[in-house]
Amino acid sequence: MAAGNHSSPSSQQSISDKEHVAHIEVGGDVTKDTDGLFNPGVDVSSIDERKLMRKVDLRTVPWLSFLYLLAFLDRTSIGNAKLYGMETDLHLNDTQYLLCLTVFFIPYALFEVPSNVILKRLRPSIWLSALMLLWGIMMTVQGLISNYGGLMAMRWLLGTFEAGLFPGVAYYLSCWYKRSEFGIRMAIFFSAATMSGAFGGLLAAAISKLDGVGGKPAWAWIFIIEGLATVVAGAMSFWIIVDFPHDAKFLTEVERTVVIRRLQGDNQFSAAGESLKWKYIKASWTDWKTYLSIVVYSGSDMPLYAFALFLPSIISQATPANLLTVPVYILACICTCTVGFLADRYGNRGLFNLYVLTAKFLLRHAHLFFISMHTGYIILISSRNATLSYIAVYLAACGIYPCIHSAWVSNNVEGSYKRSVSLAMVISSGNIQGAISSNVYRANQTPWYPMGHGLVLMYIAFGIISTVSLRYMLKAENARRERGERDEVIEGYEGGLEINGRFASVDDARREKGDKWSGYRYTL
């Protein structure tokens, strides 16, 4: 474990002495150990921490959320374009349309890990802005194509350039905020996906009035106008997106020191900087949490993409589908932000995932929160009434969007490069499920789609089982650390086990071991 106050080796303090051990959990006291403290000579007593973090919030969260709104709008606008004659004009059959949905997710999943490594090496203001500018161009060109091959090519390129945004922002925000603060910021960012659903339906309905202008059909104008908006936003981002805390120009040196020290006090020991080493990437690839998290994330991501891509089709039998999706997404946005706030406040993100994944009859206290996607899809698969199905999509949306597993992943990985790669691996593996969800709602099963709803329910079951398993294993590991079974041998302190490593100081132990350090506690 970590020692809070160092003394000379001759004092031989016990490593298990609670007075000298930094159990830095969410909401816990900051360690008194000054080893590795960022800018130890800088006096930060004049800084109002709350005021500083509000300043950081205003410079990071709103603009990034807007960018994700555009990203999700661009990737899912094909569903709205379909309603305005795209399939007929491009002579697409059902299989070809589904392949155009599928091809987006292949490069989208493949390029997320390398993109996050590049983001760490470059400045976010350059990398994220460049990606956005390029995918905006691809989106615009998508409105100029005239055949199936052109649409396939543009969807591939769109997926390639969009790949870096979500995992990049998830990692980027984790470099600014403590673990107990990260979830609500990520929820606000992710809620942009729900707002894009609401805004996308309204925007598509409005743009459809341009049908025939310039010889272009309504569906083409949807791609062109949304793409041009993304190009403009991407160009502006070079000046709006701020970089990592240690070189953020909008902060003073004292303010940067406060931000980084806050992270160090929250067990983010790499906040002051970390050089790229192969062992950090390998640590992510060999961590069991990464692979179990992939299953958890897939259990929520496949339903998310199925819902986003096919909601207009699912409810189209009820009448103007684009407009009927708007209130569904507004409710989903409210639920997403509320669950993000509560999960941060109470520190039980795994339980909150279960609450939104399962129906109230599956968990004793789930009725205190939201009726889940599980309930919604049970109704959808059994309903043969348009009104009842429309009500069910509200229930499903309240479960799908609040389940932000990337926040849970970030909370439980220490080491900036390891966290970067772990987030990208989990998110990319989840996003490849979009290729599956793109093919489960078949035109020959309209309007009730029993196969599509059934497969979504299967993924939800995977999510429930893996979430319970991950939470149990993290809790068991925390208990082992409390019992001292993971204590390292620290020079100058009694106790510890050689099998857990020998280190010259506590600072060496936590920098070398990251989240495997005995003083680190996982968020449940």
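Here's a quick rundown of the structure. Keep in mind that what you see is a predicted model, and the values were worked out from it rather than measured.

## A few points about the packing of helix H1 (residues 49-83) against helix H10 (residues 253-264)
Then comes step 1: At a minimum axis distance of 11 Å, the contact between H1 and H10 shows a crossing angle of 95°. On the basis of their axis angle, the class for H1 and H10 is roughly perpendicular. Contacts between H1 and H10 pair Glu49, Leu52, Met53, Lys55 and Val56 from the former with Glu255, Val258, Val259 and Arg262 from the latter.
Then comes step 2: Here the contact of H1 with H10 is composed, by residue class, of 5 nonpolar, no polar and 4 charged.

## Considering the packing of aromatic side chains
Each aromatic ring pair is described using two quantities: the centre-to-centre distance and the angle formed by the ring planes.
Then comes step 1: Within this structure, the stated rule accounts for 21 aromatic pairs.
Then comes step 2: Aromatic side chains Tyr68 and Phe166 sit 5.3 Å apart centroid to centroid with 40° between the ring planes, which places their arrangement in the tilted category. With Tyr68 in helix H1 and Phe166 in helix H7 (residues 165-174), this residue pair connects regions lying 98 residues apart in the sequence. The residues Tyr68 and Phe166 share a single accessibility class, namely buried.

## Description of the environment of Ile126
Then comes step 1: Its place among the elements puts Ile126 in helix H5 (residues 124-142).
Then comes step 2: Residue classification places Ile126 among the partly exposed positions, given a relative accessible area of 36%.
Then comes step 3: For the pair Ile126 and Ser237, spaced 111 residues apart in sequence, the C-alpha separation works out to 8.4 Å.

## Overview of helix H18 (residues 416-431)
Then comes step 1: Taking 1.5 Å per residue as the helical rise, H18 with its 16 residues ought to reach 22 Å, and the 22 Å between its terminal C-alpha atoms agrees with that figure.
Then comes step 2: Of all the 16 residues making up H18, 15 are buried; the element is thus mostly covered by neighbouring parts of the structure.

Rules used throughout
- Residues numbered from 1 in each chain as written.
- Predicted model: local features only at pLDDT ≥ 70, side-chain atom pairs only at ≥ 80, totals over all residues.
- Heavy atoms only, no water.
- Axes fitted to C-alpha atoms, helices over the stretch in contact; angles between N-to-C directions.
- Helix = DSSP H or I, 4+ residues; strand = E, 2+ residues; numbered from the N terminus.
- Parallel < 35°, antiparallel > 145°, perpendicular 65-115°, else oblique.
- Contact = heavy atoms within 4.5 Å.
- Nonpolar A, V, L, I, M, F, W, Y, C, P; charged D, E, K, R; others polar.
- Phe/Tyr/Trp six-rings, centres within 6.5 Å; stacked < 30°, edge-to-face > 60°.
- Buried < 20%, exposed > 50% of the residue type's maximum accessible area, 1.4 Å probe, protein only.
- Expected span 1.5 Å × (residues − 1).

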